[in-house]
Every structure is written in structure tokens, then in C-alpha cells.
Amino acid sequence: MDRAASVVMRRCDLLGSISEEPDRLTRPFASDAMRRAHDAVTAWMREAGMEVGRDNIGNLRAIYEGAMGARETLLIGSHIDSVRDAGRYDGPLGVLVGIAAVQGLHDRGTRLPFAIEVVAFADEEGLRYGTTYLGSKALAGSFDAADLDRTDADGVTMAQAILGFGGDPDSIEKDRSSEGPLLGYCEVHIEQGPVLEAKGLPVGVVSAIAGQSRRQLKFTGEAAHAGTTPMEHRKDALVAASVFVQAVADYAESRPGLVATVGQLTVQPGAANVVPGEVTLSLDVRHADDAVRLRASKVLVDIAGKIAHTRGIAVTTNQVSENGTVQCSQHLTSMLAQAVQDLGHESAQLASGAGHDAVEMAGVTDVAMLFVRCKGGISHNPAESVDEADVAVAIDVLEKFLELLAAEG
Ligand code: GLV
Ligand code: MN
Ligand code: MN
């Protein structure tokens, strides 16, 4: 078996054990577990001949210098935060494959006509603060300082979390990628879907990343005694929220390509003998066509209003994030496809339904993504699984891609 791939697999296992929770993988932004993950990843980056630094939002950024006179930088990256009860490959695989490719250059004593910066992004999932891509936003210069006032479940503001992690929340603007002109951004990621497995292919090249809209909705009724309040006098926020959850599913199920999810729900006061007075929930809407997605978001918010009105309660909506569909660079993507073919594989193109740091990076440079087949298409689940042989292909493709980029002069 390929040594580099087996190193990547072992490192994914190790990072998969670094968690805030004892029995499952949960590694949020700026957490203690993230600090321990940084120690491990920093050591691997150094071993691959890179200079490692950490920026204010908490991205690990490692530079592999180019040959004498090199002016441009190619960014390679992905994220090392996770969802709750995560799999071990979503994010870390891309960072570790990037380090493996640089390790190959370092071992051979090769310098390319451009520098490489490998980035382990601090937050892509948005688990702690609800808003995604904090790490790549800092690099792309699109970080919104208003987010610093957001609070986590314990009431800790994002600014406090950043300070506690050793960053300066007021200096995030200075962390924009500035290592000379950028050649582009390349991200390797597990597919998180079933297409490659169905086609029998180890890797695939991403054509575009579907847009996504996130909203937070709060239904406010009236908390009341569960034993004494007659049904017709209740203003039960959870009943309204439940009707809404069903309406979201019904709407999305009847529109091709549309996916809509309520994945988070908080019930207050949250006791068996109290009629729920308040429910806060998340709404995530995605479609490859921005117009369809935006219309769906609006219609669903209107439906929430009607449900609340019918039940005599209030509902408020807060926009958490809005990202349009991103097209990958034709130039870099065709070079990735060339690399896949040069290694003797068919190069399939596929769109991504999942969001990636490449979305933010596309605001400042050309982006390309390589997907790696995953078992059953399962992701955001501890059962996430990839084959070592496919990881070996991904490393080879990335190395070939670097070679083709270098040959371009
Ligand atoms: C990131 O994993 C996403 O929500 O697409
Ligand atoms: Mn994810
Ligand atoms: Mn991911």
C-alpha cells in the first residue's frame, strides 16, 4: 500500500479522536479540542518542511517556499472543525492530503515556481456560532465584524472565544491572504454523496458548489401549565414549529433539486409539565439555481408567518447566511481533470451540494476541488468512510496537478 496514503489515514484516525465529547467527535471553533488538533497538525506541517503560523481567527497557515524568484502562491486547504457527532474525514482529509503532497516535494528536495500555502481552516461547519466559513472568510477578507457579537450556547461571544484562543478579534482584517499574488485555491474533500461510488470512480472533479441560505426562526407563544391549560387556550410554540417542519419537508419534496432542512431546534422552557413558550429553529435551504433557492427561502418564511398567525403566536426571522452558487475555475478544473486522466482514471465532473471553504475563497481567487469517493455517500455521521486506495489516488492527483501547474510557467 501507498505509504503517504496510510499516513493520511492514520492522521485522520488520530484527529478523529480529538474531541470535546468523550464518546463522539465534536470539534467546534476555538475549542480546547481544536487547540490539541492544532498541536498535531502543526507538527505534521513542520515535518513537511513548512513554516507554520496561526492567524487571528484561528486558521493554521503553513508556507512551503517556492523556488528562487517565485512570486505567486497556490493555496491548498480545508477545515478541521467538525459538526456534532462527526465523521473523521469531512475537512481533515483535504488538509492532510495537502500536507502529504507537500511532504512529497520536501522529501524530493523540489521547489516549484510558486509557493504553496496549506491552510487548516478554523471553522467551516458553523457548529459553535451558527454562521459558516469563519476561517475562509478571514482569508478572503469577507469576515463580518458584526459576527463577533454572536453568542454560543453558553453565552460566550465570538470575540471572547477568539481572545481565549490567542487571537485578536480586532485584527482579523489584517489576515487577508497576502502572500503575493494568488495562483488559485485547491481543496480535496470527501464527496459526501453517492455519485462516485455509483460510477465506480475513486475521485471526481467538482464543477460548481450549490448555494445555500440559512435562517433562524423564533416562534413565540406562551408558556403555561400542562395540567390546567385547556387545549383551546394554548399558544404552544412547539406545535407551530412542528407544523412548520412538516411544511418545509413537503415543499422541498415537491421541487426537483431543492433540499431544505430544519436541523436544530431549541424548546423553552423545556419541561415535561410546561406548554412550550418559545422555539428557535434553523432553516437551511439549498439549490444549484440561486433563483430557486431564494424563492424557496422566501416562501418558507411566509409559510412560517401564516402558521404562526393561525395559531395566534408570533414568529421572527433572522438571516444567518446567504451564499450564491459558485462555479469552479474552468482553467484549474481542467488541469485537475487532466491530472486524473494522466493517472489512468476517468475524470467525471460533479456538482457539490455541500458547502466548502472554496465558496469564500472564490471571492478572491480561482478555485478547484477534487472529491474523493466515500462509502454509501454517508457524511456528517460517524459512519463516514473512505478507502485508503482512493486516498492514494487523491494524493497522486494533487501531486500531478502541482506538476502541471508548475509546467505552465
Ligand atoms: C458543510 O458541511 C455544509 O453544511 O454543507
Ligand atoms: Mn461538513
Ligand atoms: Mn467539509
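Every value quoted in this text rests on a predicted model; they were computed, and no experiment measured them.

Draft legend 1. How the structure looks around the coordination of the manganese ion (ligand 2). Listed as protein donors to the manganese ion (ligand 2) are D90 (OD), E125 (OE), E125 (OE) and H380 (NE2); their distances from the metal cover 2.1 to 2.7 Å. The class of E125 is buried, set by a relative accessible area of 10%.

Draft legend 2. Layout of the side chain of R373. You can see R373 is positioned in the loop between strand 16 (367-372) and helix 11 (388-407). At 3.4 Å, the side chain of R373 forms a polar contact with the backbone oxygen of L201. With residues up to four places along the chain from it excluded, the contact list for R373 reads L196, E197, G200, L201, P202, V386 and D390.

Draft legend 3. Seen up close, helix 3 (residues 92-108). Over its 17 residues, helix 3 extends 24 Å from the first C-alpha to the last, a length consistent with the 24 Å expected when each residue adds 1.5 Å. Remark: G109 follows helix 3 within two positions and exhibits a positive phi of approximately 70°.

Draft legend 4. Local environment of the packing of aromatic side chains. Counted under the stated rule, the structure contains 3 aromatic pairs. Plain terms: the ring middles of F219 and F244 are 5.9 Å apart, the flat faces sit at 55° to each other, and that makes the pair tilted. Residue F219 is found in strand 7 (residues 211-220), and its partner F244 is found in helix 7 (residues 237-253); the two are separated by 25 residues along the sequence. When sorted by exposure, F219 lands in the same class as F244, which is buried.

Draft legend 5. How the structure looks around the coordination of the manganese ion (ligand 3). At 2.0 to 2.3 Å from the manganese ion (ligand 3) lie its protein donor atoms, namely H79 (NE2), D90 (OD) and H189 (NE2). For the manganese ion (ligand 3), the single-chain donor residues occur in sequence as H-x10-D-x98-H. A separation of 3.5 Å is found between the manganese ion (ligand 3) and the manganese ion (ligand 2), which are bridged by D90. Taken together, the residues span a long stretch of sequence, with H79 in strand 3 (residues 73-79) and H189 in strand 5 (residues 182-190) at a distance of 110 residues.

Draft legend 6. Seen up close, the pairing of strand 1 (residues 51-54). Sheet analysis places strand 1 next to strand 2 (residues 60-64), joined by 4 bridges and oriented antiparallel. If you follow E51 over to strand 2, its bridge partner there is I63. Count of turn residues in the strand 1/strand 2 antiparallel hairpin: 5 residues, of which G58 carries a positive phi of about 110°.

Draft legend 7. Representation of the nonpolar core in the model. Core analysis: the biggest nonpolar cluster contains 79 residues, and M45, I99, I116 and F401 have the highest contact counts within it. When residues in this core are grouped by element, the largest group, 11 residues, is from helix 11. Formed by 23 residues, the second largest nonpolar core is a distinct cluster that contains A237, A240, Y251 and V299.

Draft legend 8. Here's a closer look at the environment of K400. Among the structural elements, K400 can be located in helix 11. In this structure, the C-alpha to C-alpha distance between K400 and Q338, residues 62 residues apart in sequence, is 8.8 Å. Setting aside its immediate chain neighbours within four residues, K400 contacts A339, D342 and L343.

Draft legend 9. Local environment of the site of ligand 1. Inspection of the region around ligand 1 gives E124, E125, Q212, R214, R286, A354, G355 and H380 as its neighbouring residues. The separation between an oxygen atom of ligand 1 and a polar side-chain atom of R214 is 3.3 Å. Note that an oxygen atom of ligand 1 is positioned 3.1 Å from one of the side-chain N or O atoms of H380. Protein chains shield 93% of the accessible area of ligand 1, which is 200 Å² for the free molecule.

Draft legend 10. The arrangement of the pattern of salt bridges in detail. Per the counting criterion, the structure on display carries 16 salt bridges. For R128, the salt bridge goes to D152, with nearest N and O atoms at 3.0 Å. Remark: D152 occurs in the loop between helix 4 (134-140) and helix 5 (158-164) and R128 occurs in the loop between strand 4 (115-121) and helix 4; sequence separation between them is 24 residues. Where E173 meets R176, a salt bridge forms, and the shortest distance between an N and an O atom there is 3.1 Å. Assessed through its relative accessible area of 38%, R176 is described here as partly exposed. Salt bridges linked by common partners bring R215, D290, R293 and E322 together as one network.

Draft legend 11. Geometry of the environment of D390. Note on placement: D390 falls in helix 11. Residue contacts for D390: discarding those within four places in its chain leaves P202, V203, V372 and R373. Only 2.8 Å separates the side chain of D390 from the side chain of R373, close enough to count as a polar contact.

Parameters and conventions
Residues numbered from 1 in each chain as written. Chains lettered and ligands numbered in written order. Predicted model: local features only at pLDDT ≥ 70, side-chain atom pairs only at ≥ 80, totals over all residues. Heavy atoms only, no water. Donors = N, O, S within 2.8 Å, 3.2 Å for Na, K, Ca; no water. Buried < 20%, exposed > 50% of the residue type's maximum accessible area, 1.4 Å probe, protein only. Helix = DSSP H or I, 4+ residues; strand = E, 2+ residues; numbered from the N terminus. Polar contact = N/O pair within 3.5 Å; in protein donor to acceptor, adjacent residues only side chain to side chain. Contact = heavy atoms within 4.5 Å. Expected span 1.5 Å × (residues − 1). Phe/Tyr/Trp six-rings, centres within 6.5 Å; stacked < 30°, edge-to-face > 60°. Pairing = 2+ DSSP bridges. Core = buried A, V, L, I, M, F, W, Y, C linked by side-chain atoms within 4.5 Å. Near = heavy atom within 4 Å. Areas by Shrake-Rupley, 256 points an atom, 1.4 Å probe, with all protein chains shown as cover. Salt bridge = Lys/Arg side-chain N within 4 Å of Asp/Glu carboxyl O.

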